[in-house]
Structures are given as structure tokens and as C-alpha cells.
Amino acid sequence: MSDLNFGSAFDYAPAPETTPVSMRKKYELFIDGKFVPPKAGKYFQSVNPATGKRHARIANGDAGDVDAAVKSARRAYEKVWGPMAPAERGKYLFRIARIVQEKSRELAIIESIDGGKPIKESRDVDLPLVAAHFFYYAGWADKLEYAFPGRTPKPVGVAGQIIPWNFPLLMAAWKIAPALACGNTVVLKPAETTSVTAMHLAEIFQEAGLPDGVVNIVTGAGETGNALVEHPGIDKIAFTGSTAVGKRIAKSVAASGKRLTLELGGKAANLVFEDAPIEQAVEGVINGIYFNQGHVCCAGSRLLIQESIHDEFVARLERRIETLRVGDPLDKNTDIGAINSKAQLGRITELVGSGIDEGATLHEPGCSLPEEGFWFKPSFFTGVTSSHRIAREEIFGPVLSVLTFRTPAEAIARANDTCYGLSAGIWTDKGSKIFAMADQLKAGVIWANTFNKFDPTSPFGGFKESGFGREGGLQGLAPYLKF
Ligand code: NAD
């Protein structure tokens, strides 16, 4: 082992984000270009996961509100957005992208308060990508016939879009930008624990002068999402979330004529070969699992290390997790923020308990956690076998399961031994090995000598129980078009 010393954690002075933000105490629904109270007058509480305290009341939309939103989207589709010249639609998207950029600091802070992710991620990853998605799809709005040469692409109609809580604004952008660029209108249902930034995005739509009804946002929980899925006025459902809910939605829309794309869970394998640049690979593995508290569908949650470097790699990982800073999401030095909700913390704790019960060894840093709010230490398990629950089920938290392999063939067999197929990583010095492995890995996204890199021009989506359909890139246009 080299004598490189990662050192112990530095003591950093607090560096909290101080830019003032204007969050409201109450958020209504966004229907037909206006903020309106829910018909039944019901609200639920949004909690700041870093403190566990309630910080906003969110409208709880029901089937009646969903119906109003779908009708508004239909009107806008038939009367305004559908007939509009594609280049004009593109101008609105460019305008939205520019306003997102202007307001990105404020939006990043609100995202971190409402969802718990560190400000350096919401500021440097989520928000730049949100703007980039609107810019990218704005460019396609009047060039669809070049994206699909020799065909005549037409919008599908009204899209119902349901998103999870791990990248609230980014998932909204992934869904809304291509739908609008293709001439569709939208009813979006954000996740119940992270609805706030979607409503600030609605304000941006107003500021951009987006015609009424082109995007409607109905907040609420699973019942609200279900009402959207079952509404007969919807032409297409785009869902990102858990495999369990995705399967239910697939059954519900079967034979309804509605189009469907599903972006579901994952259990990605990060394969590290003995010829990999070890220090880079340690950083990549850390980024792959601890980024956004592991609340990432494509997180590299299974680390497959070639047996010959196992001990050295684990020792380095152990030292590195000691230096990760867990705490206030609004502090610019924070690496690991808060777990998104009490329920998610419960799921992580239960699965970690199963890992210990099944005989794996838990490695966790000595750091202390804040007393209030929802937190979990960045941890990893060694001595994991493929049959352990922690190697099979999505933990969706900052917990890594380490397994080993001897040969490339064994690495492939172990990596593919999962019901999921969303992403994978390969760490090796040999380009030929990257191609050989990538060819055999059953995963929609494969990173080589890096991890968790996103770009609006790159398609993203899964195999097997990770879903079907692609978002991002030229491929992300197709689900919103008929030919
Ligand atoms: P979830 O499935 O519980 O919820 C996702 C969304 O679906 C939420 O808005 C929720 O309110 C809604 N919903 C719940 N029940 C519903 C129903 N019966 N009908 C319609 N809508 C319903 O998932 P989650 O816990 O919010 O998110 C975490 C999951 O999302 C993880 O499994 C993760 O892997 C997955 N995810 C996948 C991707 C991807 O691109 N593949 C991206 C992000 C998250």
C-alpha cells in the first residue's frame, strides 16, 4: 500500500449558505396558469429533514383536482400549445432555462432545505442540469423532423408525469422539457416529501409567460398519483419511482391505450479491477454511493472488487469515509446531508439491520450525527454474499455492499445477478476490457473510470425491473411523439 495518508477529518468552520430565500408557509396547486386551493381544502405538511420540523403546508390534490388539471392541459393542448409553431414553443423553453439559471442559487437553497441534499450538490449538480435540460430540449423543438428523418413526428397529447423525491427539480425538468418540446401539455405530480421547488418552478412558468394550462402541477401522495394514472384524459404516463409502484401502474394502464415509460429502481454494480487507478477508483466509488446520501436510483450500491486488491481497497475506503463531513445541508463544506424522510431512514435502518443479522460486517465512521432530523452515517459492508438482502434490495441510502470476484467472467455473472439493470461502473486501465465488460453488462447506463455523470444529451433508462423507455438525449423525445 502506498504511504498516501488521507488523514483524519479536518475541522472546518461552519460555512452556511446565507443567500435569503422566499419560501412560503403554504403552497397551492398550479392549475390553468394559476395557484388554486385544493377543492377539498386539504393540506399536508412538508418537513425539513435536517431538523425534522414542519416548514410548509402543501395542497393535497384529489381526483377532482387532477380532473381539473387534465382538462386544463387538454384545452391548452388543443387550442394553444399543439397549434403553436414549434420555434415559438422553443422560445418559451429557452426563456424558462434562462430564468432557472438566474434563480438557481435560490432554487438550490430551497431544494436543500426541503429535501436534505447538500447545497454543493443542489447548487453545482441539480440546478445546472435543470437549466441544461431546458436549453437542450428547447433546441430540439423546431428540429424534430431532423431527429427522426423521413418520419412525421406529432405530439402525443396530454402527459401525466409522476416523479420521486431524490432529485425533485431535476426529475421535473427531465419530464417537462422533452414533453413540451414535442408539443405536449403536462400534468405533473411531485413526490409528497419534496413538492416545494416544483411550485417555485411553476412561478418561473408564469414569469416566462408560458400559456395557461401547458403545465399543471398537482401535489399529493400516492392516491393523487393514482388518480392521474387512471384519468381517461391522459395520453401518456411517464413515471419515475420505485419498481413496486411502477409495476402497479403498468397493470393499471394495460389495455387502456395510454403510453407508458417507467424509470424504476436499481442495484448497480461498480466493478473495480486490479489494474484500476486505485485512488481514482476510491473517489469514484465514494461518489457513486454517497452522492446525495445514496438517494440515487443508479447509485453504485454494490462494489465488486477483484480479490487481489480487496484488502487494500477496503482499507482506503475505511480511511476515506472518516473524512466525509455529515451535517447541515446548507453548509458549503457538507458532503452528506440529511436522509429525505423519517420513513426512508426507517427503511435504511431495517435493511442495514438485516445485513448485520445475515453475518456481514458493517464499517462506519466515528463521526457524530446531529441530534434532530434524519441522518445516517456513510457506511459499507464487507463479507457480503450475493444472497444477502443488502446485495439484492435497493437500500437507497449511503450504504455500500462490498463483494469480490476473481475473473472478468465472474464479475459479469455477479454484476448481472440482480432483477435490476439501470447502471454499472467499470474501473480498469485497459480500454479493451471496458468494451468487453460493457458489452456483457445488462445495464442501461455504464460509466467507465467515472460514476454518476449526467448530461442532457445522454439517454438514461433501464433494463429488466429498472423499467423501460429512455429519458434524455434524442431518445428522450421519442416517448412524447407519435409517427
Ligand atoms: P415511490 O414509487 O414510492 O414514489 C414515486 C412517486 O410515485 C411519488 O410521487 C409518489 O407519490 C407516487 N406514487 C406512489 N404510489 C403511487 C400510485 N399507486 N400511483 C401513482 N403514483 C404513486 O418512489 P420514491 O420512494 O418516491 O422514490 C424512490 C424510488 O424511485 C427508488 O426506487 C428509486 O430507484 C426510484 N428512482 C428511479 C429513477 C430512475 O430514473 N430510474 C430516478 C429516481 C428514482
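**Some remarks on the packing of aromatic side chains**
Tallying each qualifying case throughout the model produces 13 aromatic pairs. Each ring, one from Phe167 and one from Phe291, has its centre 6.1 Å from the other, and the planes form 40°; the classification is tilted. Taken together, the residues span a long stretch of sequence, with Phe167 in the loop between β7 (158-162) and α6 (168-181) and Phe291 in the loop between α10 (278-290) and β13 (302-306) at a distance of 124 residues. Exposure class is identical for Phe167 and Phe291. Each is buried.

**Overview of the sheet that holds strand β18 (residues 445-448)**
In space, the seven strands of this open sheet follow the order β14-β15-β16-β13-β12-β17-β18, with mixed pairing throughout. The sheet is open, and its two edges are formed by β14 (361-363) and β18, each paired on a single side. Neighbour-to-neighbour, the strand axes of the sheet open up by a mean angle of 20°, direction not taken into account. Here four bridges tie strand β17 (residues 423-427) to β18, and the two strands are oriented parallel to one another. Paired with Ser423 across the bridge in β18 is Val445. The sheet strands contacting helix α12 (residues 342-357) are β14, β15 (379-382) and β16 (399-405), and the helix crosses β15 at an angle near 25°.

**Some points on the site of the ligand**
In the vicinity of the ligand, 28 residues are found, and the nearest of them are Lys189, Glu192, Ser242, Leu264 and Glu394. Within the side chain of Lys189, one N or O atom sits 2.7 Å away from an oxygen atom of the ligand. Glu263 places a polar main-chain atom, nitrogen or oxygen, 3.5 Å from a nitrogen atom of the ligand. Across the complex, the protein chains shield 91% of the 840 Å² of accessible surface that the ligand would expose by itself. More than half of the atoms of the ligand fall within 2 Å of the grid points belonging to the largest pocket. Split by residue class, the shell around the ligand holds 15 nonpolar, eight polar and five charged. Per-domain counts for the shell around the ligand show at least three residues from each of domain 1 (26-264 + 466-482) and domain 2 (269-448).

**Observations regarding the nonpolar core**
The tendency in soluble globular proteins is for nonpolar side chains to be buried as a group. Counting 107 residues, the largest nonpolar core has Phe134, Ile176 and Phe313 as its most contacted members. Among the elements that line this core, the one with the most residues is α6, at eleven residues. Built from parts of two domains, this core gets at least three residues from each of domain 1 (26-264 + 466-482) and domain 2 (269-448). If we ignore the near neighbours within four places in the chain, the residues touching Ile176 are Phe134, Gln161, Val186, Leu188, Leu201, Phe205 and Val215. Grouped together as the second largest cluster of nonpolar side chains are 29 residues, Ile339, Phe381, Ala411 and Ile426 included.

**Some thoughts on the pairing of β18**
Every second residue of β18 is oriented toward a common face, the buried set being Val445 and Trp447 and the non-buried set Ile446 and Ala448. Crossover connection from β17 via helix α15 (residues 431-440) to parallel β18: handedness right-handed.

**So, the layout of surface pockets**
To find the voids left in a structure, one rolls a probe of water-molecule size over its atoms. Estimated volume of the largest pocket: approximately 1100 Å³. The class makeup of the residues in the lining of the largest pocket is 19 nonpolar, 14 polar and ten charged. If you count residues domain by domain, the lining of the largest pocket takes at least three from each of domain 1 (26-264 + 466-482) and domain 2 (269-448).

**Here's the deal with the domain arrangement of the protein chain**
When the domains of the protein chain are assigned, the result is domain 1 (26-264 + 466-482) and domain 2 (269-448). Inter-centroid distance (C-alpha atoms) of domain 1 to domain 2 is 30 Å. Each partner contributes to the interface: domain 1 provides 28 residues, whereas domain 2 provides 29 residues. Counting across the domain 1 and domain 2 interface gives two salt bridges. Put simply, Asp335 and Lys120 hold a salt bridge, and the shortest N to O gap is 2.6 Å. Put simply, domain 1 and domain 2 have twelve residue pairs in polar contact (both at pLDDT 80 or more) between them. Secondary-structure elements contributing two or more residues to the side of domain 1 that touches domain 2 are α3 (104-115) and α4 (119-140). Residues of the side of domain 1 that touches domain 2, tallied by class, amount to eleven nonpolar, ten polar and seven charged.

**Some remarks on the side chain of Glu263**
Following the sequence through the fold, Glu263 ends up in strand β11 (residues 259-263). Buried and without a salt bridge, Glu263 has Arg470 as its closest oppositely charged side chain, separated by 5.8 Å. Glu263 has contacts with Phe239, Thr240, Gly241, Phe460, Gly461, Gly462, Ser466, Gly469, Arg470 and Glu471, leaving out every residue within four places of it along the chain.

**Some thoughts on the side chain of Gln293**
Here Gln293 shows up in the loop between α10 and β13. At 3.3 Å, the side chain of Gln293 forms a polar contact with the backbone oxygen of Ala338. In this view, Gln293 contacts Gly116, Lys117, Pro118, Ile336, Gly337, Ala338, Ile339, Phe396, Gly397 and Pro398; residues no more than four positions away in its chain are not counted.

**Concerning the sheet that holds strand β4 (residues 43-48)**
Spatial ordering of the open sheet is given by β1-β5-β4, a layout of three strands whose pairing is mixed. The strands lining the two open edges of the sheet, one partner per strand, are β1 (26-27) and β4. Strand direction decides the pairing type here: β1 and strand β5 (residues 53-59), joined by two bridges, are parallel. Across the sheet, the residue bridging to Lys26 is Arg57, located in β5.

**Let's talk about the state of the cysteines**
Evaluation of the coordinates by the stated rule reveals zero disulfides. With no disulfide of its own, Cys419 lies closest to Cys297 among cysteine sulfurs, the gap being 14 Å. When its relative accessible area of 34% is taken as the criterion, Cys419 is described as partly exposed.

Cut-offs and rules
- Residues numbered from 1 in each chain as written.
- Predicted model: local features only at pLDDT ≥ 70, side-chain atom pairs only at ≥ 80, totals over all residues.
- Heavy atoms only, no water.
- Phe/Tyr/Trp six-rings, centres within 6.5 Å; stacked < 30°, edge-to-face > 60°.
- Helix = DSSP H or I, 4+ residues; strand = E, 2+ residues; numbered from the N terminus.
- Buried < 20%, exposed > 50% of the residue type's maximum accessible area, 1.4 Å probe, protein only.
- Pairing = 2+ DSSP bridges.
- Axes fitted to C-alpha atoms, helices over the stretch in contact; angles between N-to-C directions.
- Contact = heavy atoms within 4.5 Å.
- Near = heavy atom within 4 Å.
- Polar contact = N/O pair within 3.5 Å; in protein donor to acceptor, adjacent residues only side chain to side chain.
- Areas by Shrake-Rupley, 256 points an atom, 1.4 Å probe, with all protein chains shown as cover.
- 1 Å grid on protein atoms, 1.4 Å probe; cavity = no way out; pocket = protein on both sides within 12 Å on 5 of 7 lines; lining within 4 Å.
- Sits in = over half its atoms within 2 Å of the grid points.
- Nonpolar A, V, L, I, M, F, W, Y, C, P; charged D, E, K, R; others polar.
- Domains from an automatic or database assignment.
- Core = buried A, V, L, I, M, F, W, Y, C linked by side-chain atoms within 4.5 Å.
- Right-handed = clockwise from strand over helix to strand, strands pointing away.
- Points joined across faces, edges and corners; volume = space filled by probe spheres on them.
- Salt bridge = Lys/Arg side-chain N within 4 Å of Asp/Glu carboxyl O.
- Lys, Arg positive; Asp, Glu negative; His and termini not counted.
- Disulfide = S-S within 2.5 Å.

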